[in-house]
Each structure stands twice: as C-alpha cells, then as structure tokens.
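# Summary of the model geometry
Spelled out from the first residue to the last, the chains are:
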Amino acid sequence: MNIRTIKVDMLARVEGEGGLHVKIKNDRVADVKLKIFEPPRFFEGFLRGRKFTEAPDITARICGICPVAYQMSSVHAMERALGVVVDGQLRALRRLLYCGEWIESHALHVYLLHTPDFLGYPDAIQLAKVYPDVVKNGLELKKLGNDIVNLVGGREIHPINVRVGGFYKAPTPRQVRELGQRLTAARTLAQEMVRFTAGLPFPEFEQNYEFVALRHPDEYAINEGRLVSNRGLDIDIAEYEANFAEEHVQHTTALQSVIKARGAYFVGPMARYNLNFDQLDPDIRALACEVGLEPPVNNPFKSIVIRSLETLYAVEEALRIIEAYEIPVRPFVDVTPGVGVGWGCTEAPRGILYHRYTLDKDGLIVDAKIVPPTSQNQKTIEGDLWHFVEKAVDLPDDRLTWQCEQAIRNYDPCISCSVHFIKLDIERE
Amino acid sequence: MTPLPLIIIGIGNDWRGDDAAGLLAARALRKLNLPNVTITEHGGDGASLMQTWAGAAVVILIDAVSAGGNPGTIYRIDANHETTAPDSFSTSSHLLGVGEAVELARALGQLPPRLVIFGIEGRDFAVNAALSPAVAANLPVLVERIVQEILNGTNDRLSL
C-alpha cells in the first residue's frame, strides 16, 4: 500500500485561516478536505435585537475586502422588508460603490495573489522583481477602486456612508467627475490586464458545473436580479432557502451550501460571465472573443481572465455612472420601521451574498441569516481538487501542492467571510 | 504634491492588545509638537501604506512585531540597507502586510529615499487585550529613540 499525503497547514494568499488535506491511496484520490478552522463568528446571533438600521455597519465588519457587498445585501433586505424602493441616482451611486469594490478586489486578486501561481513565483514581491509593470498596474487599479469606495462610501475599508434607504451624504457631481480621467486611463490598464492574463499558461481542466448568479433584465447584475443557473434555476431571491441548504460538515467551521435538488454549485465571476455574457458591453465581448474566451468557460483556472474582464466592465460602468450623475435631491429615502421579512442578494466580488432578516414592529432584528459566497463554493472547490489531483497524481508532492493551492485560489476564497483559510496536506497511501 | 519632509507612520489596531503600540507611539510623538514632522496613524494595509508614504523623503514606520524576542524589545531596521522579515509584522493573508509593502516597494524601486522601521516586540495580540506591561514600560523608550533618530537624522535629511 502506497499512501501519499499532500498537506498545506496554512494556505497563503487567501483571506482567513484554512488548510487542505489530500489523501492519495495507490495513485487514486481517497479523500479531499478543505478545512476551515477560522473560529465561528456568530454575526447572525449578535444581530438579533439590534435595530434594522445597524445591519449595514455591523455586517460590513464581516469582511475587510468586501464590506460593500455586506452593506448592499443588508440594505436591500431591509428595504424589501419595509417596502421601500431606492432608485434613480441613489441606485446608481450604490452601483458605483460596488464597481469600486469589484475593481479593488479583482485587481488585488488577479495581480498580487493569483498571477504568481501561473508564472511560478511564490509571491507578489518575487513577481515584482521580474514583472514590475504588471504589479504597478495592479496597484494602480486597486488604488482607483479604493478611491471610488472612499468617495462614495466615506472610507476605504468598512465604509461609513451607507444607510438603509441610501446614503448619509451624496458626493457632489464635481467630486464624482474628478474620477473620470483616472477611470479613462484605467480602461487601458484593464484591457492590458485582460490580454496579459489571457496569455498565462492554463492547466487543462474542465468540469461540468452548475453556475448560479443573479440575472437582471437590463444590466450585468450586481445589486439586484433573479437567481438563475445553467440548469434551469430561475427564482426570486426570496425562494433561496427553499432551493438551497446549508450543511454542517465535520472538518470545517463553515457551513457548506448545496442546491437541494442537485448538490454542489459554482458562484462568482465565472458564473456571472457564463450566465450574463450577453449583457457585457460589445467592446468587452469582442475583446473576450479576441483572447479566446467565448462562453461557456468551464476551466476554473481561466477565472483570472474573467476577473480581468469584469474589472474592465466595472471601469466602463463606473464611467457611465459618473457621466450621468446628478446630485440627488435627498441622499436617502425615509424608511419607517415595522414588522416584515426581507431578503437581499447581491454579487460580491466572489459571488452571491444572501441575507435574510425578520423584523418586529419596532424594527428590531428578530432573526438573521447570512450566506457568503465562499461557503457556497466550498463543495465545488473540494470537487475540483478531487478531479484535479486524480489527473495530476504523477506530479511530485511539491508541484502538486503548488497546483492545488492555485486551484483553490481560482475561487479567490474569503475564508473569514465563510466562517462563518488554508493549510494544504496531501497524503499518499 | 510638495514632498513631505518627514513622515512618521504609527501602524496598528487599538483593539488588538500590543498591536496598538505603533499607534500609541505616534500619539505620544504628536504631543511633542516636533517641527516639520507629519505624524499619521495607519491600519497596516500595505498597498495603502505605500500610498501614504509616497512623496516623502524620510519615512519612519512604527509597528508592533512578533519576532520571537522578549516583550518590549525595540528593533530598528534601516530598510534602505536591510531587508525586512515580512512575517514579523502584523500580517494578513489577503492584504499585503507591512513587511510585504516594504519589500514590494523595494522590488518596484519605490522605496522612500530614507525608510527606518521601529518595531517593538509584542506579546498579546488578542481582541480587547490590554497592552502588556513590558510593552507599556518600553513605549517611552521607543518614543525617545525615535526623537533621537529625527534629531540625528536632520543632517541626512538636509543632504537629500
């Protein structure tokens, strides 16, 4: 009997604490466990008894990378529970804020966290020594994303300007349009980002996935839409819990999500791209085809190119929003507390983020449920590793470990969010 | 932008025990009203840190470290001439840490002309922990060493 163990005790370049354990018995994969040991955080518990107005600021604290996603899912849920519609320039400002988070998060992951895997460098510092311009472009794009979040959200990390009903203060058209020149320059950087990433070497690896994303009739969905999949799912977000279940699995502190009828599914940039490609701008679709990335894309390693295309989209969308921006008459609409149940589901950089709240007559939170994207992808990541290791079993342990980590980073996992990180360990028998 | 002559950046988190040391040292330095010195506090995200020091001629970073020494031990790193050990500083798996920011800036040729890092060995970085007695006791020593660094460094600064 020949047992090999591939083990990463603490995965680097992912958010939060987790590890991976792969057991190989006689050249066949016997077990794969994505272990998440980030301690549970009990956010859903301590939201109970708080005012509905506090949810955006409390839930933003779940993540330093995607606080906007938490704020957006929570405000949409509260507004739905209380029958409030936020539209016009306030809606556009929310989309601009979210574009900032997509740009910031995607630029960081593509350039500084994932590219080193493809080019054989252990980290961004070593990459920067050989490809300084690549890293500089990444930092420039990230800074632009941060500056958008800073302007609209009032602060780069854990923004403070978001409230149920809108914003505390709306930026002036002049402030917003000051971003214009930089966004125009960023458009070129993002196009270069697409061409650069499309030229990276990709492992041959395709799987049959069920992709799940929001779809909106008029736009590439970010804040609103119906939940759809490539296998016929098409539901209002209120039906999320009727169709999806969270399961406790012993080796992880995160709950794993499944589609009740079918099992594992895939959320995030690749899901959005495959389901909503037709809603990207013609120039972006043309560029995608030029670099050979017509949908459907079923190789998760190519998600790095899709993140780059989405960065380009977010830059172009932000440009559109700032050109049409006029200061709203009031920065928020009034919201009256009352009894209700509300659902919010928005496209965080890593995929759909679902919130549900039940409110009492005084607008206090009776019950809260939060399902972040990484816990939804967890089972799919394990499936990928299983099939990937099976094909790559002849590789020496150090090479195999490297590629397993690269495969995990295809999902840009945010483990702090999902716990509620990563050590990798391959065992050969 | 006019180049800032000298910027002191205190790095840390008030709610994580000894990690607050960099911030506390910056606040103590601010009270001394040193002329022509900009003092700022920072959460430690590397990419943002590189922007914070951009344009400055002389940069002093203050951060709590975990380098295996006795709590309160003070370290001085001349980053223009020595590499940092990225793992010693407050790190995050997803954001760039302080040491990574310094090394990334070096790789990109973007280090400030003069960058000195003062570290103080922490012991307890738990949420809501109090400052360790050994760290609290050595904070005034750290502040005094930074003041001396600025005074001694004045000639260096003029020569830049």
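Residues numbered from 1 in each chain as written. Chains lettered and ligands numbered in written order. Predicted model: local features only at pLDDT ≥ 70, side-chain atom pairs only at ≥ 80, totals over all residues.

### Side note on the overall build of chain B
Within chain B, the regular secondary structure consists of four helices and five strands. Reading chain B from its N terminus to its C terminus gives the helix and strand order β-α-β-α-β-β-α-β-α. A buried classification covers 45% of the 160 residues belonging to chain B. Within chain B, contacts between residues separated by at least 24 positions form 76% of all contacts whose residues are at least 6 apart in sequence. (Helix = DSSP H or I, 4+ residues; strand = E, 2+ residues; numbered from the N terminus. Buried ≥ 20, exposed ≤ 12 C-beta atoms within 10 Å, placed from the backbone. Contact = placed C-beta atoms within 7 Å.)

### A closer look at unusual backbone geometry
Pro296 of chain A follows Pro295 of chain A through a cis peptide bond whose omega is 0°. Among the secondary structure elements, Pro296 of chain A is positioned in the loop between α11 (282-290) and α12 (303-323). A positive phi is found at Asn128 of chain B, a non-glycine position, where the angle reads about 65°. You can see Asn128 of chain B is positioned in the loop between β5 (114-121) and α4 (133-159).

### What to know about the sheet that holds β5 of chain B
Residues and elements named next belong to chain B. Spatial ordering of the open sheet is given by β2-β1-β3-β5-β4, a layout of five strands whose pairing is mixed. A single partner strand is all that each edge strand has here, and the edge strands are β2 (38-42) and β4 (74-78). The sheet shows a mean angle of 20° between the axes of neighbouring strands, direction not considered. As paired elements, strand β3 (residues 58-65) and β5 share eight bridges and run parallel to each other. In the strand pairing of β5, Ala64 is matched with Ile120. (Pairing = 2+ DSSP bridges. Axes fitted to C-alpha atoms, helices over the stretch in contact; angles between N-to-C directions.)

### Quick look at helix α14 (residues 397-409) of chain A
Given a rise of 1.5 Å per residue, 13 residues ought to cover 18 Å, and the 18 Å separating the end C-alpha atoms of α14 of chain A matches this to within 8%. All of the buried residues along α14 of chain A are Leu400, Cys404, Ala407, Ile408 and Arg409 of chain A. (Expected span 1.5 Å × (residues − 1).)

### Here's the deal with the packing of helix α6 (residues 132-153) of chain A against helix α8 (residues 180-198) of chain A
Each pair of packed helices can be described by the angle between their axes along with the distance between the axes. Residues and elements named next belong to chain A. As a packed pair, α6 and α8 sit with axes 10 Å apart at the nearest point and diverge in direction by 135°. With respect to each other, α6 and α8 are oriented oblique. Like other packed secondary-structure pairs, α6 and α8 cross with a definite hand, here left-handed. Touching Val134, Asn137, Glu140, Leu141 and Leu144 of α6 are Arg182, Ala186, Leu189, Ala190, Glu192, Met193 and Phe196, all from α8. The residue makeup of the contact of α6 with α8, split by class, is eight nonpolar, one polar and three charged. (Parallel < 35°, antiparallel > 145°, perpendicular 65-115°, else oblique. Left-handed = near helix turned anticlockwise from the far one by under 90°. Nonpolar A, V, L, I, M, F, W, Y, C, P; charged D, E, K, R; others polar.)

### A word on the sheet that holds strand β6 (residues 212-215) of chain A
All names here are of chain A. Read across the sheet, three strands follow the order β6-β7-β8 without closing on themselves; strand pairing throughout is antiparallel. The open sheet has two edge strands with one neighbour each: β6 and β8 (234-235). Sheet topology note: the β6/strand β7 (residues 226-229) ladder contains four bridges and is antiparallel. Bridged to Arg215 within β7 is Arg226.

### Side note on the packing of helix α4 (residues 88-119) of chain A against α6 of chain A
Residues and elements named next belong to chain A. Packing of α4 against α6 leaves a shortest axis separation of 8 Å and a crossing angle of 155°. Judged on the interaxial angle alone, α6 and α4 are roughly antiparallel. Note that α4 runs across α6; the crossing there is left-handed. For the contact of α4 with α6, a count of residues per class yields 17 nonpolar, seven polar and three charged.

### Some thoughts on the pairing of strand β11 (residues 340-348) of chain A
Residues and elements named next belong to chain A. Judged by how many residues are buried, β11 sits mostly within the fold: seven of nine residues are covered. The pairing of β11 with strand β12 (residues 351-359) spans nine bridges and is classified as antiparallel. Opposite Gly344, over in β12, you have His355 as the bridge partner. In this antiparallel pair of consecutive strands, β11 and β12, the connection spans two residues.

### Thoughts on α12 of chain A
With 21 residues, α12 of chain A should reach 30 Å at 1.5 Å per residue; the first-to-last C-alpha distance of 30 Å fits that figure. Counting buried positions along α12 of chain A gives 17 out of 21 residues, so the element sits mostly inside the fold.

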